[in-house]
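These are the residues of each chain, in order.
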Amino acid sequence: MEGDVTDKLEDMATVCEFDPITGNIPATKVEISVSCRYGALLEPNPHYSLCILYTQGVESKQWREFGRTEVIDNTLNPDFVRKYILDYFFEEKQNLRFDIYDIDSKSPDLAKHDFLGQTFCTLGEIVGSPASRLEKPLGLNGPCSKPPLWKLGIPGKKCGAIILTAEELGNCRDCVTMQFCANKLDKKDFFGRSDPFMVFYRSNEDGTFTICHKTEVVKNTLNPVWKPFSIPVRALCNGDYDRSIKVEIYDWDRDGSHDFIGEFTTSYRELSRGQSQFNVYEVTLLSFSVEAEHTFLDYIKAGKTLFFIILFSAFEGNPSQSTSLHYMNPYQMNAYAMALKAVGEIIQDYDSDKMFPALGFGAKLPPDGRVSHEFPLNGNVDNPYCNGMEGILEAYHQSLKTVQLYGPTNFAPVINHVARYAAAVEDGSQYFVLLIITDGVISDMAQTKEAIVNAAKLPMSIIIVGVGQAEFDAMVELDGDDIRISSRGKLAERDIVQFVPFRDYMDRTGNHVLSMARLAKDVLAEIPDQLISYMKSRGIKPNQTPPDCSPEAGLSPTSTI
């Protein structure tokens with residue numbers, strides 16, 4: 001269950017919030033790095049560490065999840081590569097909570113994993129510490145830990161330490177791409193050769209180092225050639241070209257006790273000048289290139305269009321009965337409608353004509369009762385477009401009166417259908433976003449994984465909102481945040497799926513406006529980075545003017561798949 005160490009640092013959790021009441025403007029952005037030191041407190045078994053950051057609302061005082069690190073396996077001293085980027089307000093008390101878990105499975109339910117400890121602090125406390133480095137004990141004041149995970153696992157006991165460091169981010173928007181190789185490394189394995197990987201650190205003002213990148217592991221060789229990797233210059237040296245960069249080389253071991261091979265130091269300036277040989281086992285810099293790092297808004301301002309397609313799963317009970325998730329309560333919207341309204345009110349701002357194709361799947365259609373896995377909610381096969389969110393909701397409610405909900409629920413047909421249209425505009429002029437609202441029951445998992453892997457090379461993202469109380473393990477597998485999805489031995493080129501369970505956003509106080517705003521934010525959080533990753537992979541710049549290549553008006557569910 002090794003965390004994806006090759007995740008780009010562009011995947012770092014970020015937030016940019018503006019308070020319309022106070023009008024506060026952040027003084028600066030700071031990057032928070034997290035490390036843990038469990039020591040001898042943890043039983044000597046394999047552990048897969050994950051850190052979750054929670055922030056507290058100024059008025060509500062409620063804790064809400066801000067972001068998660070990657071999962072690091074088999075170590076008592078995890079140094080997380082993925083960072084948190086926060087807006088820093090000098091005049092505010094910004095309360096933070098860090099929870100540490102030992103991940104036991106792919107389940108998103110934290111109750112199914114071992115709680116290792118937590119700590120509380122403020123952002124000012126981290127920034128104001130000597131060298132902006134704060135070390136605090138981990139306590140067991142949160143969810144109960146499963147004994148005998150901790151030898152001293154009782155509430156109030158210290159469970160190791162967490163180390164938090166903060167650094168103000170510079171305004172450098174360059175991104176560097178590098179590739180390294182090495183020759184005649186030490187043989188560390190008794191049987192076979194070494195399995196080397198590289199770890200990059202940037203130096204801090206107090207002489208310590210902060211991890212900023214890990215390469216992939218190259219198996220069974222003493223002469224590795226690592227894949228090229230890209231990293232923002234601000235992550236590598238924060239724009240200080242003479243800052244020391246330390247590189248360590250290890251031999252990977254399954255139990256986490258990686259063997260140290262050697263290290264060298266350099267700087268961004270030395271690398272940019274083409275220094276190719278380093279004094280450790282002939283490590284060689286094969287390539288070095290720099291380009292400006294374009295933002296999501298750069299592409300939007302350049303005229304790139306987001307094209308949204310809405311999809312409802314219909315297979316979930318009789319809508320006339322209150323037990324159905326599709327039940328039309330005259331006094332309150334059902335979960336499907338609430339999820340659509342929450343997300344739709346954000347995405348419609350990026351579509352000029354506010355016309356969206358809306359489809360359903362998993363139903364028998366009149367008049368002959370044939371089963372369909374993609375039918376227009378408005379009943380118009382030739383023109384499935386609806387006018388805005390209100391038009392979609394009206395078509396959705398009308399379709400519940402005319403179709404018979406029926407399984408199985410197949411995702412692959414409609415993903416493949418949308419992929420056909422995305423394949424016609426690979427020039428970057430349009431980017432397709434498929435929003436699927438479903439009860440979590442998926443009948444064609446193998447075909448869906450294959451469809452996603454094929455779609456990952458196209459200008460396309462998939463958002464899945466799971467409603468109801470079903471187990472969403474299948475959906476979590478489709479979301480490739482930690483483990484990239486694969487099919488028939490082929491790995492997805494990009495992570496294009498974002499999944500969230502609707503039930504996690506139901507506000508017990510009845511404040512649906514706030515809870516739906518949180519849902520929309522988390523659902524859409526990955527879209528900008530996914531769009532940027534596609535554009536970068538195809539070398540598409542924001543200022544390029546592609547030919548006019550709009551989707552045909554008939555995004556029709558009857559087209560050949």
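About the cut-offs
- Residues numbered from 1 in each chain as written.
- Predicted model: local features only at pLDDT ≥ 70, side-chain atom pairs only at ≥ 80, totals over all residues.
- Heavy atoms only, no water.
- UniProt positions renumbered as here; feature names shortened; annotations may be inferred.
- Helix = DSSP H or I, 4+ residues; strand = E, 2+ residues; numbered from the N terminus.
- Buried < 20%, exposed > 50% of the residue type's maximum accessible area, 1.4 Å probe, protein only.
- Pairing = 2+ DSSP bridges.
- Salt bridge = Lys/Arg side-chain N within 4 Å of Asp/Glu carboxyl O.
- Axes fitted to C-alpha atoms, helices over the stretch in contact; angles between N-to-C directions.
- Phe/Tyr/Trp six-rings, centres within 6.5 Å; stacked < 30°, edge-to-face > 60°.
- Lys NZ or Arg CZ within 6 Å of the ring centre and 35° of its normal.
- Contact = heavy atoms within 4.5 Å.
- pLDDT = per-residue confidence, 0-100.
- Core = buried A, V, L, I, M, F, W, Y, C linked by side-chain atoms within 4.5 Å.
- Disulfide = S-S within 2.5 Å.

Going by what an unreviewed UniProt entry lists, the chain is known as C2 domain-containing protein and is assigned to Pygocentrus nattereri. UniProt annotates the chain under Sequence similarities (unreviewed entry) with the comment "Belongs to the copine family."

## Brief notes about unusual backbone geometry
Looking along the chain, the bond that leaves Pro366 and enters Pro367 is cis, with omega of 0°. Within the secondary structure layout, Pro367 lies in the loop between strand 21 (363-365) and strand 22 (370-372). Positive phi values are uncommon outside glycine, yet Ser132 reaches one of about 55°. When you line up the elements, Ser132 lands in the loop between helix 1 (123-128) and strand 9 (133-139). Look at Arg488: it is not a glycine, yet its phi comes out positive at around 55°. When you line up the elements, Arg488 lands in the loop between strand 28 (486-487) and strand 29 (490-491).

## A few points about the pairing of strand 27 (residues 460-466)
With 7 of 7 residues buried, strand 27 lies mostly within the body of the structure. The two faces of strand 27 match: Met460, Ile462, Ile464 and Gly466 on one face and Ser461, Ile463 and Val465 on the other face are all buried. With 7 bridges joining them, strand 26 (residues 430-438) and strand 27 adopt parallel strand pairing. Opposite Phe432, over in strand 27, you have Met460 as the bridge partner.

## Quick look at the sheet that holds strand 25 (residues 404-405)
What links the strands of a sheet is backbone hydrogen bonding, and the strands pair in either a parallel or an antiparallel sense. Strand order across the open sheet formed by 3 strands is 22-21-25, with antiparallel pairing between neighbours. Edge positions in the sheet fall to strand 22 and strand 25, since each has one partner strand and no second.

## Observations concerning the pattern of salt bridges
The final tally for this structure, using the stated rule, is 19 salt bridges. Residue Lys29 is joined to Asp87 by a salt bridge in which the shortest nitrogen-to-oxygen separation is 2.7 Å. Placement of Lys29 in strand 2 (residues 28-37) and of Asp87 in strand 6 (residues 84-88) is noted, with a sequence separation of 58 residues between them. Take Lys29: its relative accessible area is 31%, and that puts it in the partly exposed class. Take Asp87: its relative accessible area is 7%, and that puts it in the buried class. With a closest N to O distance of 2.7 Å, Arg68 and Glu65 form a salt bridge.

## What about the sheet that holds strand 16 (residues 259-267)?
An order of 13-12-15-16 is seen for the 4 strands of this open sheet, with the pairing classed as antiparallel. In this open sheet, the two strands that pair with only one neighbour each are strand 13 (209-214) and strand 16. The mean angle between the axes of side-by-side strands here comes to 25°, regardless of whether they run parallel or antiparallel. In the sheet, strand 12 (residues 196-203) pairs with strand 13 via 5 bridges, with the strands oriented antiparallel. The residue bridging Tyr201 from the neighbouring strand is Ile211, located in strand 13.

## Let's talk about the packing of aromatic side chains
For the structure on display, the rule yields 13 aromatic pairs. Among the aromatic residues, those joined into a ring-pair cluster are Phe66, Tyr84 and Phe98. The cationic tip of Arg97 hangs over the ring face of Tyr54; the distance from NZ or CZ to the ring centre is 4.0 Å. Positioned above the aromatic ring of Tyr201, the side-chain terminus of Lys246 is 5.1 Å from the ring centre.

## Side note on the environment of Thr305
Position of Thr305 among the secondary structure elements: in strand 19 (residues 305-313). On the basis of relative accessibility, which here comes to 30%, the residue Thr305 falls in the partly exposed class. Each C-alpha atom of the pair Thr305 and Tyr431 lies 6.2 Å from the other, and the pair is 126 residues apart in sequence. Dropping the residues within four chain positions of it, Thr305 is found in contact with Ser429, Gln430 and Tyr431.

## Let's talk about the confidence of the model for the chain
Caution applies to low-pLDDT regions: their predicted coordinates should not be interpreted in detail. With 82% of its residues at a pLDDT of 70 or more, the chain has an overall mean of 80. Looking across the chain, the model is least confident in strand 1 (residues 13-14), with a mean pLDDT of 38, and most confident in helix 8 (residues 445-455), with 95. Contacts from residues 1-23, a stretch scored under 50 in pLDDT, to residues over four places away or in other chains number 57 contacts.

## Observations regarding the nonpolar core
Among the nonpolar cores identified, the biggest contains 50 residues, and Ile310, Phe312, Leu340, Ile392, Phe502 and Leu519 are the most heavily contacted of them. The element that contributes the greatest number of residues to this core is helix 5 (residues 335-347), accounting for 9 residues. Discounting residues that sit within four places of it in the chain, Leu340 has contacts with Ile310, Phe312, Glu345, Met389, Ile392, Leu393, Leu435 and Ile437. Of all hydrophobic cores here, the second largest spans 38 residues; its members include Met460, Ile462, Ile496 and Val497.

## Some thoughts on the state of the cysteines
Evaluation of the coordinates by the stated rule reveals 0 disulfides. The structure places no disulfide on Cys51, whose sulfur is separated from the nearest cysteine sulfur, that of Cys36, by 6.0 Å.

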